[in-house]
Amino acid sequence: TEELLRKSDKLSVVGQLAAGVAHEIRNPLTAIKGFVQLIRDTKGAKDEYFTIMLSELDRIELIINEFLVLAKPQAVHFQEKNIVTLLQSIIALVETQAILNNIQIELTAAQDIPLIQCEENQLKQVFINILKNSIEAMPNGGVIRLGVEYLASSERLRVRVVDEGQGIPEERIPKLGEPFYTTKEKGTGLGLMISYKIISEHHGKMVVRSTLNVGTTVDVYLPTQTP
Ligand code: ADP
Ligand code: MG
């Protein structure tokens, strides 16, 4: 629990930052991007400079958009949903990227999984983040296994995502969920931070275990009863 508290402290700071700064930056950014595009499409302009500028602007935009997810939680509407249906729609979304990387995604779920109270789009965001991380950790392809189980004794669901990726060194596990912690050239280090925040807003828990060069397991626990 100490670990969880530490993480949620950081989240609220980042949340305030996101609310204040993100909106301020996004509008001028959109304007600049439009003009750069306009100039690039004019004859004689220096193509490569504009290409670099545009890709840097894209990157800022991506970070801002991820931050905006954090600024929104006031407006959440919890609804009763079937997690298996939700996961199926997520798999459809990331499947193209998976196939391109020679990765199969398998989903196993028991028949009568109870419904959960959730903000559907936010939960989708979580599982997209988790699946993308798994895909990005498997450059040589493989299988990602998703399983959904109902844990009757604690009235929770467990969604387990098991990948066959490069894994995470044990000493780095505590860093997961810290803003901007990334090992990727084009990573933002925001995906897991946002995921931890969303899952905690659902009164759930997310646990990551990993073995180097074997793979990573992410367990997401969600209550089936309104707390
Ligand atoms: P990003 O994907 O932009 O780097 P995330 O917050 O999603 O940011 O992930 C942070 C870091 O955690 C990643 O850069 C990676 O080092 C590590 N990570 C997360 N999920 C996995 C995974 N399934 N396999 C290996 N490493 C992972
Ligand atoms: Mg990620």
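Residues numbered from 1 in each chain as written. Chains lettered and ligands numbered in written order. Predicted model: local features only at pLDDT ≥ 70, side-chain atom pairs only at ≥ 80, totals over all residues.

An unreviewed UniProt entry lists the protein chain under the name histidine kinase, from Tumebacillus flagellatus.

Chemist: Run through the overall build of the protein chain, naming residues and quoting values.
Modeler: Helices and strands together make up the secondary structure of the protein chain, namely five helices and seven strands. The secondary structure elements of the protein chain, listed N-terminal to C-terminal, are α-α-β-α-β-β-α-β-β-α-β-β. Of all 227 residues assigned to the protein chain, the portion counted as buried reaches 24%. Within the protein chain, counting contacts between residues at least 6 apart in sequence, those at least 24 apart form 74% of the total. (Helix = DSSP H or I, 4+ residues; strand = E, 2+ residues; numbered from the N terminus. Buried ≥ 20, exposed ≤ 12 C-beta atoms within 10 Å, placed from the backbone. Contact = placed C-beta atoms within 7 Å.)

Chemist: How would you explain the site of ligand 1 if you had to name every residue and give the values?
Modeler: Surveying the vicinity of ligand 1 reveals 22 residues, the closest of which are Asn133, Ala137, Thr182, Gly187 and Gly191. Counting only elements with at least two residues in the shell around ligand 1, the list comes to helix H4 (120-136) and helix H5 (191-201). Across the shell around ligand 1, the residue classes break down as seven nonpolar, 13 polar and two charged. (Near = placed C-beta within 6 Å. Nonpolar A, V, L, I, M, F, W, Y, C, P; charged D, E, K, R; others polar.)

Chemist: So what's going on with the packing of helix H3 (residues 83-100) against H4? Which residues, and what values?
Modeler: One way to put it is that H3 packs onto H4 with a least axis distance of 10 Å and a crossing angle of 35 degrees. As H3 runs across H4, the sense of the crossing is right-handed. For the pair H3 and H4, the contacting residues are Leu86, Leu87, Ile90, Leu93, Val94, Gln97 and Ala98 in the first and Glu120, Leu123, Lys124, Phe127, Ile128, Leu131, Lys132 and Ile135 in the second. In the contact of H3 with H4, the residues fall into 11 nonpolar, one polar and three charged. (Axes fitted to C-alpha atoms, helices over the stretch in contact; angles between N-to-C directions. Left-handed = near helix turned anticlockwise from the far one by under 90°.)

Chemist: How would you explain the sheet that holds strand S6 (residues 205-211) if you had to name every residue and give the values?
Modeler: Sheet architecture is open: five strands sit in the order S2-S4-S5-S7-S6, paired in mixed fashion. Edge strands, defined here as strands with exactly one partner in the open sheet, are strand S2 (103-109) and S6. The mean angle between the axes of side-by-side strands here comes to 15 degrees, regardless of whether they run parallel or antiparallel. When S6 meets strand S7 (residues 215-223), the two strands line up antiparallel, connected through seven bridges. (Pairing = 2+ DSSP bridges.)

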